[in-house]
Amino acid sequence: GAGHTINGTLAIGSVTMARGSLDPGASQTKEVGTLGYTFSSVRVTAGSAEKVYLESIRWNQTGSVGSGDLKNVKVYVDGTGYDTTVSSDGKYYTAKFAGKGILLDKGFSADVSIKGDIEGGSNRTVDFDLAKRTDVGVRGELYGYGIIPPQTGTSDPTDDSAAFSSVEDPWYDAAQVTVST
């Protein structure tokens, strides 16, 4: 048969993850009628091997409010708002970025946050987590390979601690919002 050479030393792109600068950082209580509240935020940083495209992000709303209690929910990347698509069960909010996505140069980062209005849900909770590492869609520009972010946390933190975990589901356990009257 034909001989093939396999490149075992190819360095494809990478990303690192951290809690975003706009993240509340701790659980809060907010009243019905709160507008433009940032529920959760993460920072995506491109590695040094190649530029990367941020293609999509999927937030898992694990709180007890229904999707009808939240309005104007958008994902923001460095201040630019993107519409979300809500799953039929009202638990997943996905933003897909136009074209190939948002290009992050080597070593540069982007803050990705989810915010919206609280229009109902008294005595219930809102909690926008990232359930799995694959909920952040990233692809290398040069080689075109999909990139799965690394397991960032070193332990399984307590619930709603606004921290990355060493396990998945949730991978990023966001701070929770309790809705008051």
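Here's what I pulled together on the structure shown here. (Residues numbered from 1 in each chain as written. Predicted model: local features only at pLDDT ≥ 70, side-chain atom pairs only at ≥ 80, totals over all residues. Heavy atoms only, no water.)

**Re the sheet that holds strand β17 (residues 177-180)**
Link 1 in the chain: Taken in spatial order, the three strands line up as β2-β17-β11 in an open sheet, and their pairing is mixed. One side of each edge strand has no neighbouring strand; the edge strands of this open sheet are β2 (28-31) and β11 (125-126).
Link 2 in the chain: Two strands pair when backbone bridges link them, and β2 and β17 are joined in this way by four bridges, in the parallel orientation. Of the residues in β17, the one forming a bridge with Gln 28 is Val 177. (Pairing = 2+ DSSP bridges. Helix = DSSP H or I, 4+ residues; strand = E, 2+ residues; numbered from the N terminus.)

**Description of the packing of aromatic side chains**
Link 1 in the chain: Inspection of the entire model under this criterion finds six aromatic pairs.
Link 2 in the chain: A ring pair is formed by Phe 39 and Phe 128, whose centres lie 5.2 Å apart and whose planes are at 45°; its orientation type is tilted. Taken together, the residues span a long stretch of sequence, with Phe 39 in strand β3 (residues 37-46) and Phe 128 in strand β12 (residues 128-129) at a distance of 89 residues. Comparing Phe 39 with Phe 128, the two get one shared label, buried. (Phe/Tyr/Trp six-rings, centres within 6.5 Å; stacked < 30°, edge-to-face > 60°. Buried < 20%, exposed > 50% of the residue type's maximum accessible area, 1.4 Å probe, protein only.)

**Observations concerning the environment of Ile 147**
Link 1 in the chain: By secondary structure assignment, the location of Ile 147 is in strand β14 (residues 146-147).
Link 2 in the chain: Along the primary structure Ile 147 and Arg 133 are separated by 14 residues, whereas in three dimensions their C-alpha atoms are 9.7 Å apart.
Link 3 in the chain: Contacts of Ile 147, omitting those with residues within four sequence positions, involve Gly 13, Ser 14, Val 15, Val 52, Val 136, Val 138, Arg 139 and Gly 140. (Contact = heavy atoms within 4.5 Å.)

**Things to note about the pattern of salt bridges**
Link 1 in the chain: One pass over the full model with this rule turns up eight salt bridges.
Link 2 in the chain: For Glu 55, the salt bridge goes to Arg 139, with nearest N and O atoms at 3.1 Å. Placement of Glu 55 in strand β4 (residues 52-61) and of Arg 139 in strand β13 (residues 136-140) is noted, with a sequence separation of 84 residues between them.
Link 3 in the chain: Residues Arg 124 and Asp 69 are paired through a salt bridge, measuring 3.3 Å at the closest nitrogen-oxygen approach. A residue pair is termed long-range when its members are at least 10 positions apart, and Arg 124 in the loop between β10 (109-118) and β11 and Asp 69 in the loop between β4 and β5 (70-77) qualify at 55 residues. (Salt bridge = Lys/Arg side-chain N within 4 Å of Asp/Glu carboxyl O.)

**Some thoughts on the sheet that holds strand β6 (residues 80-83)**
Link 1 in the chain: Pairing is antiparallel across the open sheet formed by five strands, whose spatial order is β1-β3-β10-β5-β6. At either margin of the open sheet sits one strand with a lone partner, and together these are β1 (15-19) and β6. On average, adjacent strands in this sheet sit at an angle of 25° to one another, irrespective of strand direction.
Link 2 in the chain: Taken together, the five bridges between β1 and β3 define a ladder with antiparallel strand orientation. Bridge assignment links Met 17 to a residue of β3, and that residue is Val 44. (Axes fitted to C-alpha atoms, helices over the stretch in contact; angles between N-to-C directions.)

**Comments concerning the pairing of β17**
Link 1 in the chain: Because side chains alternate across β17, one face comprises the buried residues Val 177 and Val 179, and the other comprises Thr 178 and Ser 180, none of which is buried.
Link 2 in the chain: One ladder, built from two bridges, connects β11 with β17; its direction is antiparallel. Its bridge partner lying in β17, Val 126 is registered against Val 177.

**Describing the environment of Thr 94**
Link 1 in the chain: Among the structural elements, Thr 94 can be located in strand β8 (residues 92-96).
Link 2 in the chain: A C-alpha to C-alpha distance of 25 Å links Thr 94 and Thr 29, two positions 65 residues apart in sequence.
Link 3 in the chain: Excluding residues that lie within four positions of it along the chain, Thr 94 makes contacts with Ile 57, Arg 58, Asp 83, Thr 84 and Thr 85.

**Here's the deal with the environment of Ser 40**
Link 1 in the chain: Assignment of secondary structure puts Ser 40 in strand β3.
Link 2 in the chain: For Ser 40, a relative accessible area of 0% gives the class buried.
Link 3 in the chain: Sequence-distant contacts of Ser 40, defined by excluding residues within four places in its chain, comprise Asp 23, Pro 24, Trp 59, Val 112, Ser 113, Ile 114, Phe 128, Tyr 172 and Ala 174.

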